[in-house]
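Below are the chains, spelled out letter by letter.
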Amino acid sequence: MKAKFILLIYFFLFQTLAFGQTIISGFVLDEKGIALPGVNVFIKGGYDGATSKIDGSYRFETELEGYQILVFQFMGFKSNQLSIECKAELLEIETIILTEEITEMNSVTISAGAMEASDEGKSVILRPLDIVTTPSAMGDIMGAFQTLPGTSTVGNDGRLFVRGGDASEVGIYIDGMRVGNAYGTTAGNVPTRTRFNPNLFKGTFFSTGGYSAEYGQALSSALALNTKDLSIRSQGDLSIMTVGGGYSHTLANEKHSITASANYFNLGPYQGLIKQEIDFEAAPNAWDVELAAQKKTGKNGLLKVMARTESGGMSLWQLLPGTDRKVLVDLKNDYSYAQANWRTILKNEWTIFTGISYSKNLDLIGYDSLQIERSNELIHIKGTAIKDFSDRLSAKFGVEHFIHPYSEKLVREGWVRDFDDRETYLFTEWDFYLNKDLVFRGGLRGGASKVSEEKWLDPRFSVAYQLKEKGQLSFAAGSFHQLPVDNFRVLNTDLQNSESNHLILNYLFSKDGFTFRAETFYKSYDNLVTFEGLPDNPELLKNGGSGYAKGIDFFFRDRQTFRNTDYWVTYSFVDSKRSFNQFQTEVQPSFAPKHNLSVVVKHFIVPFKSQLGASFAYNDGYSYTNPNVDNSEMNAKTKSFQNLSLSWSYLPKPNLIIHLACTNVLGRDNVFGFTFSPKANTEGIFESIPQGQVAPRFLFLGIFLTLSKDKTANNLNNL
């Protein structure tokens, strides 16, 4: 009897407990309807919950009563919450769909035409350190980028040529602001360099086509250089080189930093020791002074200010083909650049950017008895706003205005021609992530010019799909406009924009120190500037040219297979033809070799604290017109271009770097074309002079010493 009584008590007690509990059950799926196992399901503020099973189902009990919040959490997905009412009964929840969370770490990135030279982003190709240690580059940003896919090496020029396009078709920006006359002015066959030191930058974004709607006035490419944020320490950097020297000093703390530098270069002593192929009257020389400052503003703001001024020149004797006569070419250049920009993140998830920049270039050119003064200014005012509406949708809006005066003057005659343009642009770009594997980008850019009284609109589109964890496909298409170069516009201000249309398909694979990139492209040209004879008659200048460029690029980089070794291999095939300038038929431009190969290898020898570097560049030669063959245009080609360069970097002390480099070690006689006499000689032959190298080789030795409280600091910290 006692046992029955105890069982009866347990029975009623169990019924009471069961009656006071709510049983919660349901299923959790992803957006594609696939079950999600391992999802944490629990009541907010309580201890009751469960983990979803392999079929996405879950079930648990709770004694809580009334209205509660049911939480669903799973790594890589957005958390979800549902309001429920616990009534001590079975509660079946409708199927819950969890949405993937899109982050920079797990999302696909658009890589069609795009390469980043920094340690950020999935499409990393070069770092700033790579730029200064590539042997053939000699510390020049453009020299390093000539080892990347889509570029062509034009050894007697030095500028960046991309996929069959002229160097003027590459837009160059610093912190989003357009730079006028980014290359140093040069003469004859003396290759130029970029004006800016790679130590200034934390990375670069280089697009070989299909670039963002934020950038315009470039038919082929956009190169965006991003300066460093706050410097990490106060230090001084002394440079002693075979071509000159300089000193840079940085003062820094947690909220602001400032760097001032001065440099002087003169190739006179170097050319006195090593024979040159060009007859210099005065060797290339220059000085520059630069200031860069950064300051934190508020919690999320950063203000950057940069200013640079420089002056230089050279004089050389130029032989006229078919004669024994030489003319003196004398060049003096003064250049200034300044900019300020401010970026901040507001509380409502808006990122605001404002900036202003000013470029001024003044050339004094003497050619025999002719004296020319050329002045070029560019003021750029810009504002952008970026809004992340969610982790799947973001938008960029921007407006910019350019003030662009240009003039040419014959000094002795007092004759001047000039123009003063005002250009205004509006642009917007939207990114939409359908999921972490698929992203769409649509952009629109509109512009108007005061001088040409022209308006234009450029639509652009990109899409990227992640195939596997480390591989992805990207596609980009768009229209791009660019006004003619200044020396044409000043002759005929009615000239309109030239236009190009890009189609790009890209495959990118990146994993554990390996990067492989393959890209095919097609680019059409329309309204290129053409003229007959010399471009000194405004009536002959017109927008009548057209053309195309098509091809494929391959890039492979490996930093894992061989210990302490980093190497990359680039091959580009470009088939480009266009009618432009004096060419009346579509021809292969001299700056667009069909086959381009580049190999760069760097190996660090730990016991000797040294890095050995080697780079090899090859192309199949440059087209040119030989009047001794027939009357057709671009009917000949030079022999192939080849350049093997070596370097050695030695760190005897942590704060001391010794760098030795030599270009064209084998001394190959590279020829880039020929200058022909305008008239045939008595034998009916047009005599010519080869356009060759300044010297068979260039040898560089630099010693870089860092002075700071931290005895281990050196220039590498800046890179």
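One can find the structure itself at the top, above this paragraph.
Now for a quick tour of the structure.

Criteria and thresholds
Residues numbered from 1 in each chain as written. Predicted model: local features only at pLDDT ≥ 70, side-chain atom pairs only at ≥ 80, totals over all residues. Heavy atoms only, no water. Helix = DSSP H or I, 4+ residues; strand = E, 2+ residues; numbered from the N terminus. Buried < 20%, exposed > 50% of the residue type's maximum accessible area, 1.4 Å probe, protein only. Areas by Shrake-Rupley, 256 points an atom, 1.4 Å probe, with all protein chains shown as cover. Lys, Arg positive; Asp, Glu negative; His and termini not counted. Charge placed at Lys NZ, Arg CZ, Asp CG, Glu CD. Patch = residues over 30% accessible without salt bridge, like charges linked within 9 Å, V, L, I, M, F, W, Y side chains within 5 Å. Salt bridge = Lys/Arg side-chain N within 4 Å of Asp/Glu carboxyl O. Phe/Tyr/Trp six-rings, centres within 6.5 Å; stacked < 30°, edge-to-face > 60°. Lys NZ or Arg CZ within 6 Å of the ring centre and 35° of its normal. Contact = heavy atoms within 4.5 Å. Pairing = 2+ DSSP bridges. Axes fitted to C-alpha atoms, helices over the stretch in contact; angles between N-to-C directions.

Helix and strand counts for the protein chain stand at 5 helices and 41 strands. With the principal axes as the frame, the protein chain shows a C-alpha extent of 140 × 60 × 45 Å. Split into buried and exposed, the 719 residues of the protein chain put 48% on the buried side. Surface exposure of the protein chain reaches about 34,000 Å², of which carbon and sulfur atoms provide 59%. Across the protein chain, the centroid of the 70 positively charged side chains sits 6 Å from that of the 78 negatively charged ones.

Turning our attention to a nonpolar patch on the surface. Where nonpolar side chains cluster on the molecular surface, the patch consists of Phe432, Leu434, Phe440, Phe461, Tyr465, Leu467, Leu473, Phe475, Leu503, Leu505 and Tyr522 and spans about 940 Å² of accessible area. When residues of the nonpolar patch are traced back to their parent elements, those giving at least two are strand S25 (415–435), strand S27 (454–466), strand S28 (471–482) and strand S29 (498–511). The class for leucine 503 is partly exposed, based on a relative accessible area of 43%.

Tallied over the entire structure, the rule returns 27 aromatic pairs. For the pair tyrosine 270 and phenylalanine 698, a centre-to-centre distance of 5.0 Å together with 50° between the ring planes defines the contact as tilted. Taken together, the positions of tyrosine 270 in helix H4 (residues 268–273) and phenylalanine 698 in strand S41 (residues 698–707) put the pair 428 residues apart, joining distant regions of the chain. Accessibility expressed as a relative area gives 7% for tyrosine 270, which makes it buried. Classification of phenylalanine 698 as partly exposed rests on a relative accessible area of 24%. Connected via pairs of aromatic rings, a cluster forms that spans Phe161, Phe580, Phe583 and Phe591. Positioned above the aromatic ring of phenylalanine 196, the side-chain terminus of arginine 308 is 5.7 Å from the ring centre.

We now examine the environment of isoleucine 54. Along the chain, isoleucine 54 turns up in the loop between strand S3 (49–51) and strand S4 (57–62). Distance in space between the C-alpha atoms of isoleucine 54 and tyrosine 337 is 63 Å, their sequence separation being 283 residues. When near neighbours in sequence (up to four residues on either side) are disregarded, isoleucine 54 contacts Ala35 and Pro37.

In this section: unusual backbone geometry. Backbone phi values are negative for most residues with the exception of glycine, while trans is the configuration of most peptide bonds. Non-glycine residue glutamine 217 carries a positive phi angle of around 55°. We note that asparagine 564 has phi near 60°; this positive angle belongs to a residue other than glycine.

This next bit is on the sheet that holds S3. Taken together, 4 strands build an open sheet; the order of strands is S3-S2-S5-S6 and the sheet is antiparallel. Across the chains shown, the open sheet's two edge strands, defined by having one partner strand only, are S3 and strand S6 (80–86). Across this sheet, the average inter-strand angle for adjacent strands is 20°, counted without regard to direction. Here 3 bridges tie strand S2 (residues 40–43) to S3, and the two strands are oriented antiparallel to one another. Counterpart to asparagine 40 in the pairing with S3 is threonine 51.

What follows covers the environment of histidine 659. Residue position: histidine 659 is located in strand S38 (residues 656–663). For histidine 659, a relative accessible area of 11% translates into the label buried. In contact with histidine 659, not counting residues within four places along its chain, are Val132, Ser647, Trp648, Ser649, Phe700, Leu701, Gly702 and Phe704.

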